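# Per-entry structural report
Here is how the chains run, residue by residue.
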Amino acid sequence: MIYGVMYFTIFSLVVAVFWVSVFAKLISLSRKQMAVLKYFSVSPLIFMLLFCILRIVFPIELPYTYVFEIKKILPQIQSFFAIPIFSYRHIKITIAALLGIIWFMVAVLLAIRNIRFYWHFRHFLDFLPASDDGRLYRLLAEAGLDNPQKVRKIIVHDAVQSPAIVGGIYPIIILPNIDFDDEELLGIFTHEIAHYKYKHHFVKLVTEFVHICFWWNPLFKDLSSEMGHALEMHSDKMVCRKLTYSQQKKYLSTIIKIMKDTDNSGLPDGFSCGLVEEPDNEKLQQRFKMILGKHYQGKKKFNFVAIVCTVFIFLLSYSFVLQPYSEPAVSDYGYEEEEDIFFPASDYYIIETEDGYDLYKYPQKLIDHIENIEYEFKKLKVFQSLEEVKKK
């Protein structure tokens, strides 16, 4: 069955979760292969991750989506989730409703926890004084920020674990209380300004929102982690464009210096972008290899092909939806199911056949074949043949 409109169903959401889970795993596996990044760099990777986010944000059926109605397994699964486990008067709570309530409540609690963490973190930053070191603001301008006045302040404090930029509109830059020279600070500021210029904060925020909404799917955590790593590499790429190769190596030594003093950045997910967000040796090694191997230099000729393939797969993921086969409901016959759920006896009748019954509307319009005379049909007259109907 092909529908000509766009709409959302629980089945389109399930298919979207399936596709994004598959994409997240494939992206994670391919990202770990240095050969892939050598040929494609980081831009197609970010592009694929953004399409994953877009796919789950819009879990709809498009006009060309083909709906496969499955008669085996899926109807049984649907019936299982429709089993009521609590009933009081007109209120019925099914297994599906209970799971939906748990899903929603946990997501709300996780969102509240993250928002509270960020609120306390920002309150803490507002409490800390701004640095009065003019060298910091001079190097910030030198790093390429068009309007340094947009940065509310630069904070240097012992409580800070890793350099980071917090906030996507009027940000705050935080630095650990480590003795950095000018070249080290230039690399740090260039990295953090790239986060700000390319709106990485908002990308991370949407990714974290998706991760919270689908907290029960471990592959969505991988998606969030891969997005964070890809954005770090994208900022590294901007550093490589601005700094000389010797400055790039100094930039890497700065990361090592920071890693010696911290085990965890302590930054709130989705609201900040740090220089070293997670002490993952494999990911840090990959960042180092990309810079030392000069893999960010020049344009990658295969990028266009990768982007076209990504778009094609993205559109292909909307091509079908699986849903359980079901018999027509009362409302499908144009009769509203309100207080009286019976078919009006004056408009409909039933003809008994060898393998069941045929539902007719007067005078001789066949509506459907039914196996049994259900509750809503019990007021209808039953005839043995159409000839008997004509005699009445």
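It should be emphasised that the depicted structure is a prediction, and the values quoted were computed from it without experimental measurement. (Residues numbered from 1 in each chain as written. Predicted model: local features only at pLDDT ≥ 70, side-chain atom pairs only at ≥ 80, totals over all residues. Heavy atoms only, no water.)

## Re the sheet that holds strand 5 (residues 164-166)
Across a sheet, strands are paired by hydrogen bonds formed along the backbone, either parallel or antiparallel in direction. With mixed pairing, the four strands of this open sheet are ordered in space as 4-6-5-7. The open sheet terminates on both sides in strands that have one partner only, identified here as strand 4 (153-157) and strand 7 (272-274). For this sheet, the mean angle separating the axes of adjacent strands, direction not counted, is 20°. Contacting strand 4, strand 5, strand 6 (172-176) and strand 7, helix 7 (residues 182-197) crosses the sheet at an angle of about 150° to strand 7. (Pairing = 2+ DSSP bridges. Helix = DSSP H or I, 4+ residues; strand = E, 2+ residues; numbered from the N terminus. Axes fitted to C-alpha atoms, helices over the stretch in contact; angles between N-to-C directions. Contact = heavy atoms within 4.5 Å.)

## Thoughts on the pattern of salt bridges
For the structure shown, the criterion picks out twelve salt bridges. Residue Arg31 is joined to Glu226 by a salt bridge in which the shortest nitrogen-to-oxygen separation is 2.8 Å. Of the two residues, Arg31 is situated in helix 1 (residues 10-31) and Glu226 in helix 9 (residues 218-242); the sequence distance between them amounts to 195 residues. Accessibility assignment for this pair places Arg31 and Glu226 in one class, buried. The shortest N-O distance in the salt bridge between Asp236 and Arg287 comes to 2.7 Å. Taken together, the residues span a long stretch of sequence, with Asp236 in helix 9 and Arg287 in helix 11 (residues 281-292) at a distance of 51 residues. No difference in accessibility class separates Asp236 from Arg287, as the two residues are buried. If you follow the salt bridges from partner to partner, you end up with Asp133, Arg135, Arg138, Glu142 and Asp182 in one network. (Salt bridge = Lys/Arg side-chain N within 4 Å of Asp/Glu carboxyl O. Buried < 20%, exposed > 50% of the residue type's maximum accessible area, 1.4 Å probe, protein only.)

## Quick notes on the side chain of Arg31
On the accessibility criterion, Arg31 (1% relative accessible area) is buried. A polar contact is formed between the side chain of Arg31 and the side chain of Glu282, at a distance of 3.0 Å. Filtering out sequence-adjacent residues up to four positions away, Arg31 remains in contact with Leu37, Leu45, Glu226, His229, Met233, Glu282, Lys283 and Gln286. (Polar contact = N/O pair within 3.5 Å; in protein donor to acceptor, adjacent residues only side chain to side chain.)

## Regarding the packing of helix 7 against helix 10 (residues 245-260)
Pairs of packed helices are described in terms of their axes, by the angle between the two and the distance that separates them. Between helix 7 and helix 10, whose axes approach to 9 Å, the crossing angle comes to 85°. In terms of axis orientation, helix 7 runs roughly perpendicular to helix 10. Note on element contacts: helix 10 touches helix 7 through Gln247, Lys250, Tyr251, Thr254 and Lys257, opposite Glu183, Glu184, Leu186, Gly187, Ile188 and His191. Its residues placed into classes, the contact of helix 7 with helix 10 shows three nonpolar, four polar and four charged. (Parallel < 35°, antiparallel > 145°, perpendicular 65-115°, else oblique. Nonpolar A, V, L, I, M, F, W, Y, C, P; charged D, E, K, R; others polar.)

## What about the packing of aromatic side chains?
Per the counting criterion, the structure on display carries 16 aromatic pairs. Their ring planes at 70° and their centres at 5.4 Å tell us that Phe80 and Phe81 sit as a pair that is edge-to-face. With relative accessibility at 44%, the residue Phe80 sits in the partly exposed group. By relative accessible area, which is 31% here, Phe81 ends up partly exposed. One aromatic cluster is present, built from ring pairs that chain together Phe18, Trp19, Phe23, Tyr66, Phe68 and Phe320. (Phe/Tyr/Trp six-rings, centres within 6.5 Å; stacked < 30°, edge-to-face > 60°.)

## Remarks on helix 7
Taking 1.5 Å per residue, 16 residues should reach 22 Å; helix 7 reaches 22 Å between its end C-alpha atoms and fits that length. Where burial is concerned, most of helix 7 is hidden: 13 out of the 16 residues are buried. A positive backbone phi angle near 55° is found at Lys199, which sits one or two residues after helix 7. (Expected span 1.5 Å × (residues − 1).)

## Notes on the confidence of the model for the protein
Overall, the predicted model of the protein reaches an average pLDDT of 83, with 89% of residues at or above 70. When the elements of the protein are averaged for pLDDT, helix 2 (residues 34-40) gives the smallest value, 76, and helix 7 the largest, 92. Overall, residues 335-340 carries pLDDT values under 50, and its contacts beyond four positions in sequence, including any with other chains, amount to six contacts. (pLDDT = per-residue confidence, 0-100.)

## Remarks on the sheet that holds strand 10 (residues 356-361)
Spatially, four strands are ordered 11-10-9-12 in an open sheet, and the strand pairing comes out mixed. Of all the strands in the sheet, just strand 11 (365-370) and strand 12 (382-383) have a single pairing partner and so form its edges. Of the strand pairs in this sheet, strand 9 (residues 348-353) and strand 10 are connected by six bridges, and their pairing is antiparallel. Paired with Ile351 across the strands is Asp358, a residue of strand 10.

## Regarding helix 11
The end-to-end C-alpha distance of helix 11, which contains twelve residues, comes to 16 Å, matching closely the 16 Å that a straight helix rising 1.5 Å per residue would cover. Those residues of helix 11 that fall on the buried side of the exposure criterion are Lys283, Leu284, Gln286, Arg287, Phe288, Met290 and Ile291. Those residues of helix 11 that are buried lie in contact with helix 1, helix 2, helix 7, helix 9 and helix 10. Positive phi appears at Lys294, one or two residues downstream of helix 11, with a value of about 55°.

## Some points on the packing of helix 3 (residues 43-57) against helix 8 (residues 200-213)
The geometry of helix 3 relative to helix 8 is characterised by a closest axis approach of 11 Å and an angle of 50° between their N-to-C directions. Judged by the angle between their axes, helix 3 and helix 8 are oblique. As for how helix 3 packs across helix 8, the hand of that crossing is left-handed. Of helix 8, the residues touching helix 3 (which contributes Leu50, Ile53, Ile56 and Val57) are Val203, Val206, Thr207 and Val210. Looking at the contact of helix 3 with helix 8 residue by residue, the class counts come to seven nonpolar, one polar and no charged. (Left-handed = near helix turned anticlockwise from the far one by under 90°.)

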